[in-house]
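If you want the building blocks of each chain, they are given just below.
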Amino acid sequence: RLVYSVFGIRGEIRDWGVRKTGTSYGYIITNNFITRVLTLCKIPYGRKTNAEYRIPDWIMQGDREIKRAFLQASFDGEGCISHSKSRKRWEIRYNMYKVTESRENCILYLNQLKELLQLFGVYAQNQFRDGSYVRKDNKTIEGFKLRIDKQASINNFYIELGFRAIKKTKRLLQAIKR
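Residues numbered from 1 in each chain as written. Predicted model: local features only at pLDDT ≥ 70, side-chain atom pairs only at ≥ 80, totals over all residues. Heavy atoms only, no water.

1. Notes on the packing of helix α6 (residues 151-160) against helix α7 (residues 166-176)
How we decide: The axes used here are C-alpha line fits, helices contributing only the stretch in contact, and every angle between their N-to-C directions lies in the interval 0 to 180 degrees. Counting from the N terminus, the helices are DSSP H or I runs at least four residues long and the strands are E runs at least two residues long. In these notes the angle categories are as follows: under 35 degrees is roughly parallel, over 145 is roughly antiparallel, 65 to 115 is roughly perpendicular, and the rest is oblique. Working rule for handedness: look at the near helix, and if it is turned counterclockwise from the far one by less than a right angle, call the crossing left-handed; if clockwise, right-handed. We call two residues in contact when some of their heavy atoms are within 4.5 Å. Side-chain classes follow a simple rule in which Ala, Val, Leu, Ile, Met, Phe, Trp, Tyr, Cys and Pro form the nonpolar group, Asp, Glu, Lys and Arg form the charged group, and the remainder, Gly included, forms the polar group.
Where α6 contacts α7, the axes come no closer than 10 Å and their chain directions differ by 135°. Relative to α7, the element α6 lies oblique. Helix-helix and strand crossings are classified by hand; for α6 and α7 the assignment is left-handed. Facing α6, whose interface residues are Q151, I154, N155, F157 and Y158, α7 presents L172, L173, A175 and I176. Of the residues in the contact of α6 with α7, the class split is seven nonpolar, two polar and no charged.

This is the structure we're talking about:
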């Protein structure tokens, strides 16, 4: 809906199927104009596990609303919220996977996310390694995650950012009502 409201063009959601890390989907837009605009905005494209990128400067240096919109979209796509039975608390996680050669880029990106989150009173734990697997092309993929598990930060996430995804919003409401 967002792409259509801005550009007047509809994309296509493709189900990539079940992967090692869960079910994967892609939003495919076949339009040269939009591709050029997004590329100029430094939006990563192609296989994200292979690509090295940072949060674009125009977001890092942008106003509060730009940062908020970026974090909302990022956590809608790559974030999740669940109740950890072993830790007996709710947590919001942001998972990212990269080829081993791009591990440092992954950590840099997650540190940028932490910096943006702090502007909204949301404090994430340091990056935790989140397993690895070998892809069909014999490349090793390593996972890293940020974890937001302090109740005050989860509450601030709800107040300041939130999710657009309905299912995640319902779970977030459960987490703040505890």
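2. Let's talk about the packing of helix α4 (residues 64-78) against helix α5 (residues 103-118)
At a minimum axis separation of 11 Å, α4 and α5 run at an interaxial angle of 125°. Classified by the interaxial angle, the pair formed by α4 and α5 is oblique. With respect to the hand of their crossing, α4 and α5 are arranged in left-handed fashion. Only Y109, L113, L116 and L117 of α5 make contact with α4, whose side of the interface consists of K67, F70, L71, S74 and F75. A class-by-class count of the residues in the contact of α4 with α5 yields seven nonpolar, one polar and one charged.

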